[in-house]
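# Topology and contacts: notes
The chain contents come next:
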Amino acid sequence: MSKEQLLQEFADAYEKLIGTATEAARRGVTRQGDTWGPREIVAHLAGWEVMATVRIPHIAAGMPPLEEADEARQAIMNDAINATIVTMVGDQPLETVCGLLRQAYRSDVEILRKLDDTFFQPGEYVYERTKAAIEHCQEHMQLLLLLEG
């Protein structure tokens, strides 16, 4: 898959997620206890894309990715980041949060587009992270389709 195809698939995944979240909200799906609703899922993804716009240029310049070797510690840090993002979004309307996600993923695409094609090979951080983001969108879309309002 070419760099441009991957970036298009990345953008398409986020747009499909936004559509799925919007439809789930129309069906009355909301946060239920610890189970995120559409707004929280979109906020979570927007937050990670904002972080990517800061991290990826440094990683592309040679900095090792900021990842904890201990999986349990990494999971706790990810949970803390997610809780922060969701808390900061609060009760903003889903439409507003979708706008934040669009802005974040589009900024990320612009950064990625400027990188050399060598970063878009299997095994390279940028490639693997982009593929993982696409898969993560798909996971959240499947969850949203299963939730009932």
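Residues numbered from 1 in each chain as written. Predicted model: local features only at pLDDT ≥ 70, side-chain atom pairs only at ≥ 80, totals over all residues. Heavy atoms only, no water.

Following both chains from N to C, one finds helix 2 (residues 38–60) and helix 5 (residues 125–146) inclined at 180°, their axes separated by 12 Å at the closest point. Overall, the two elements helix 2 and helix 5 adopt an arrangement that is roughly antiparallel. Facing P38, I41, H44, L45, W48, E49, A52, R55, I56 and I59 of helix 2, the residues of helix 5 in contact are Y125, V126, R129, A133, H136, C137, H140, L143 and L144. Residues of the contact of helix 2 with helix 5, tallied by class, amount to 13 nonpolar, three polar and three charged. (Axes fitted to C-alpha atoms, helices over the stretch in contact; angles between N-to-C directions. Helix = DSSP H or I, 4+ residues; strand = E, 2+ residues; numbered from the N terminus. Parallel < 35°, antiparallel > 145°, perpendicular 65-115°, else oblique. Contact = heavy atoms within 4.5 Å. Nonpolar A, V, L, I, M, F, W, Y, C, P; charged D, E, K, R; others polar.)

This part takes up the pattern of salt bridges. Evaluated as defined, the whole model comprises ten salt bridges. For the salt bridge of D108 with R129, the shortest nitrogen-to-oxygen distance reads 3.4 Å. Here D108, found in helix 4 (residues 94–113), pairs with R129, found in helix 5; they are 21 residues apart in sequence, far enough to count as distant. With respect to burial, D108 and R129 carry one shared label: buried. Its salt-bridge partner being E110, residue R113 comes within 3.1 Å of it at the nearest N-O pair. Remark: E110 and R113 occur in helix 4; sequence separation between them is three residues, near one turn of the helix. E110 gets classed as partly exposed once you look at its relative accessible area, which sits at 40%. Linked through salt bridges whose partners overlap, the residues forming this network are E4, E110 and R113. (Salt bridge = Lys/Arg side-chain N within 4 Å of Asp/Glu carboxyl O. Buried < 20%, exposed > 50% of the residue type's maximum accessible area, 1.4 Å probe, protein only.)

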